[in-house]
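Listed below are the residues making up each chain.
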Amino acid sequence: MADDLTPVLESALSTLFGGPVTARRAALIPGGASKEAWSVDADTPQGALALLVRRAGGAVIYSDTLSLADEHAVVSAAHAAGVRAPRTYGYLPDVGGREAFVMERLPGEGIGRRIVTRPEHAAARAKLPEQMADELAKIHRIPIGTLPFLPGGGAAPAAVRVIERLYNEIDSLAEPHPAIEWGVRWLRDHPPRSFDEVLVHGDFRIGNLLVSEAGLLGVLDWEFAHVGDPVEDLAWPLVRAWRFGQDARLGGIASIDAYLARYNQATGRDVDRASLFFWELMGNVKWAIGSLTQARRHLSGKDRSVELASLGRLAAEVEYEIVDLIEKGPR
Amino acid sequence: MQDRPTQRELVEAAREFFEREILPTVTDPRLRFRTLVALNALGIAEREMFAGDVFVDEELRGLRALLGGSEMPFPESREAKEGEAWTLRKVLAEKIREGTAPEGTAAFLKASIGWKLGVASPRTLGRYG
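Residues numbered from 1 in each chain as written. Chains lettered and ligands numbered in written order. Predicted model: local features only at pLDDT ≥ 70, side-chain atom pairs only at ≥ 80, totals over all residues.

Chemist: Would you explain the overall build of chain B in this entry?
Modeler: Within chain B, the secondary structure is distributed over 6 helices and 0 strands. In sequence order, chain B lays out its α and β elements as α-α-α-α-α-α. At 19 Å, chain B has a C-alpha radius of gyration far larger than the 14 Å of a compact globule built from 129 residues. For chain B, the share of sequence-separated contacts (at least 6 apart) that also reach a separation of at least 24 residues comes to 70%. (Helix = DSSP H or I, 4+ residues; strand = E, 2+ residues; numbered from the N terminus. Rg over C-alpha atoms; globule rule 2.2 N^0.38 Å. Contact = placed C-beta atoms within 7 Å.)

Chemist: What is the right way to look at the domain arrangement of chain A in this model?
Modeler: Where interface size is given, it is often the accessible area lost as the parts come together that is meant. Residue and element names in this part refer to chain A. Under the domain assignment used here, chain A contains domain 1 (6-104) and domain 2 (112-328). Put simply, the middle of domain 1 and the middle of domain 2, counted by C-alpha atoms, are 26 Å apart. On the side of domain 2, 18 residues touch domain 1, which itself brings 18 residues to the contact. Class assignment for the residues of the side of domain 1 that touches domain 2 results in 13 nonpolar, 2 polar and 3 charged. (Domains from an automatic or database assignment. Nonpolar A, V, L, I, M, F, W, Y, C, P; charged D, E, K, R; others polar.)

Chemist: Please clarify how the domain arrangement of chain B should be interpreted in this entry.
Modeler: All names here are of chain B. You can read the domains of chain B as domain 1 (7-51) and domain 2 (54-126). Relative placement of domain 1 and domain 2: their C-alpha centres are 29 Å apart. Between domain 1 and domain 2, the residue contacts involve 4 residues of the former and 4 residues of the latter. For the side of domain 1 that touches domain 2, a count of residues per class yields 2 nonpolar, no polar and 2 charged.

Chemist: In this structure, what is going on with the packing of helix α3 (residues 54-67) of chain B against helix α4 (residues 78-98) of chain B? I would like to understand it.
Modeler: The relative placement of two packed helices comes down to the angle between their axes together with the axis-to-axis distance. Residues and elements named next belong to chain B. Following both chains from N to C, one finds α3 and α4 inclined at 40°, their axes separated by 9 Å at the closest point. Classified by the angle between their axes, α3 and α4 sit oblique to one another. The two elements α3 and α4 cross, and the hand of that crossing is left-handed. Contacts between α3 and α4 involve Val-56, Asp-57, Glu-59, Leu-60, Leu-63, Leu-66 and Leu-67 from the first element and Arg-78, Lys-81, Glu-82, Glu-84, Ala-85, Leu-88, Arg-89, Val-91 and Leu-92 from the second. For the contact of α3 with α4, the per-class residue count stands at 9 nonpolar, no polar and 7 charged. (Axes fitted to C-alpha atoms, helices over the stretch in contact; angles between N-to-C directions. Parallel < 35°, antiparallel > 145°, perpendicular 65-115°, else oblique. Left-handed = near helix turned anticlockwise from the far one by under 90°.)

Chemist: Help me understand the nonpolar core in this model?
Modeler: In a soluble, globular protein the nonpolar side chains are often hidden away together inside. All names here are of chain A. Core analysis: the largest hydrophobic core is formed by 110 residues, its most contacted members being Leu-9, Ala-78, Val-285, Ala-288 and Ile-322. Ranked by residue count, the leading element in this core is helix α9 (residues 273-299), at 12 residues. The contact partners of Leu-9, leaving out residues within four places of it in the chain, are Ala-23, Ala-26, Trp-38, Val-40, Val-53 and Val-95. (Core = buried A, V, L, I, M, F, W, Y, C linked by C-beta atoms within 7 Å. Buried ≥ 20, exposed ≤ 12 C-beta atoms within 10 Å, placed from the backbone.)

Chemist: When you look at the sheet that holds strand β1 (residues 22-28) of chain A in this model, what are you seeing that I'm missing?
Modeler: Backbone-to-backbone hydrogen bonds join strands into a sheet, with any given pair of strands oriented parallel or antiparallel. Residues and elements named next belong to chain A. Strand order in the open sheet formed by 5 strands is β1-β2-β3-β5-β4, with antiparallel pairing between adjacent strands. Strands with a single pairing partner mark the edges of an open sheet, and in this sheet they are β1 and β4 (88-95). With strand direction ignored, the average angle separating the axes of adjacent strands in the sheet is 25°. Inspection of the sheet shows strand β3 (residues 47-56) paired to strand β5 (residues 98-104) by 5 bridges, in the antiparallel sense. Bridging from a neighbouring strand, Leu-51 pairs with Glu-104 of β5. (Pairing = 2+ DSSP bridges.)

Chemist: Can you help me understand the environment of Ala-248 of chain A in this one?
Modeler: Residues and elements named next belong to chain A. Relative to the helices and strands, Ala-248 resides in the loop between α7 (230-235) and α8 (257-267). Given 15 C-beta atoms within 10 Å, Ala-248 falls into the partly exposed group. In sequence terms Ala-248 and Leu-238 are 10 residues apart; their C-alpha atoms lie 8.6 Å from each other. Discounting residues that sit within four places of it in the chain, Ala-248 has contacts with Arg-243, Ile-253, Ala-254 and Ser-255.

Chemist: Just checking my understanding: could you explain the pairing of strand β2 (residues 35-44) of chain A for this structure?
Modeler: If a strand is regular, its side chains alternate between the two faces of the sheet. Residue and element names in this part refer to chain A. Bridge count between β1 and β2: 6 bridges; the pairing is antiparallel. Residue pairing in the sheet places Ala-23 in a bridge with Ala-42 of β2. With 10 bridges connecting them, β2 and β3 associate as antiparallel partners. Among the inter-strand pairings, Lys-35 is bridged to a residue of β3, identified as Ala-56. Hairpin connection, β2 to β3: the antiparallel pair is bridged by 2 residues.

Chemist: Please clarify how the interface of chain A and chain B should be interpreted in this entry.
Modeler: Facing 21 residues of chain A, the contacting portion of chain B comprises 24 residues. Counting only elements with at least two residues in the side of chain A that touches chain B, the list comes to α6 (178-189) and α10 (306-328) of chain A. At 13 residues, the largest contribution of residues to the side of chain A that touches chain B is made by α10 of chain A. The residue inventory of the side of chain A that touches chain B, partitioned by class, reads 11 nonpolar, 2 polar and 8 charged.

Chemist: For this particular structure, what's the right way to read unusual backbone geometry?
Modeler: Keep in mind that most residues, glycine aside, have a negative phi and that most peptide bonds are trans. Cis geometry marks the peptide bond from Arg-4 of chain B to Pro-5 of chain B; its omega dihedral reads 5°. You can see Pro-5 of chain B is positioned in the segment before α1 (7-22). At Asp-221 of chain A, a position not held by glycine, the phi torsion is positive, near 55°. Summarising the element assignment, Asp-221 of chain A is placed in the loop between β8 (215-219) and β9 (226-228). With 18 C-beta atoms packed within 10 Å, Asp-221 of chain A lands in the partly exposed category. With phi around 50°, Phe-244 of chain A is a residue other than glycine that occupies positive phi space. Positionally, Phe-244 of chain A belongs in the loop between α7 and α8.

Chemist: Please explain helix α1 (residues 6-17) of chain A as it appears in this structure.
Modeler: In an α-helix, one turn spans 3.6 residues, which is why side chains three or four residues apart end up on the same side. Residues and elements named next belong to chain A. For α1, built from 12 residues, the straight-helix expectation of 16 Å at 1.5 Å per residue is met to within 8% by its first-to-last C-alpha distance of 16 Å. For α1, the full list of buried residues reads Leu-9, Ala-12 and Leu-13. Buried residues along α1 cover an arc of 100° about the axis, so they all sit on one side. At its buried positions, α1 is contacted by β1, β2, β3, β4 and β5. Of the residues one or two after α1, Gly-18 is the one with positive phi, at around 65°. (Expected span 1.5 Å × (residues − 1). Arc of directions from axis to C-beta.)

Here it is, written out as structure tokens:
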């Protein structure tokens, strides 16, 4: 079977752990096209470990995400800084001809819709606003000096740099989207306060967090990490698409009050509602363009999928949110 | 001229089959999710076929009211309507980027996205007050 990577994994892991490793179970988790994730139960010189091996996929590598070596460095730095990121075990330059890195496989629920809607996660939902604020506060203290490869830096304010990138993405769609332009125009006309730049996780939202009854267990998916304004991260889980059909502004689970207060208390920043609104709108604009771009992956034949195809039509939901946010104004 | 079922009735028949006979047998959560996404895609196609030219006509009239051209005869074919709407949408997008959006742009945008949602995601509109 093409999927049976077990012997290759065992050999690579044995080198990494400096002794024989037996994989009792190795399964490819369905999903990622550009990068694979292998769930591996391994007997190692350090004992029995539940591992997750992130490995390059066979397909195209997207230029806007970190390489696996760099992602490994970011996750390691986050874990060392006390963020609830998985512990890493090392980078592997060659697992069956592709690069990979190894980290612990954390338990917990990761499916956003379940976390936001299922009764058994009510206790977690009560804790998440403050826990999410605490994790972001820690993430934004990770020293970036040791991570020189992080993209996104520049002389202009972070908001200006992001807007420039979004225009490039809109133009590469090669079709007009007045509602998205309307959003970007508002952003240009209403520059926010700038905060000292930090390591931005880049995809911090429910759906990329692992959760148990105790609340937040893990922060995953670090491949979009970059240098930017901390409020970009703070506002991303407010974006309508990450509320899974619920109305509450913070990821469908709560108002922003406790979340914002806790973040400001933990960081000593005084992020105001106007800045948060700016980046919430930015997040929606980014996701509107992202949805259309994802649909192009299907249309171009690069990555045929009914999920990706549907995003082309669901972008209208995000456009409506953009126009509605602007109409109602900062709050 | 094709015999019945119509295009829309065919898609509807296929959707009903997947919904009633296939979906209940799908237990793998990921496969189930993708099946629901596929069913939703068929639903979008059905609604678009049902709507016919209605939304295209609305959008083109709105764009002409905003940017001019209302005095010209209204195009007859779907292709011509969509072609003109695409061109005017491009003009509007450029004006917005330059900061010279005409009066009434916000209201037009909200209405035109509403027409798209009427096809793609009718439930979304209900969430807004």
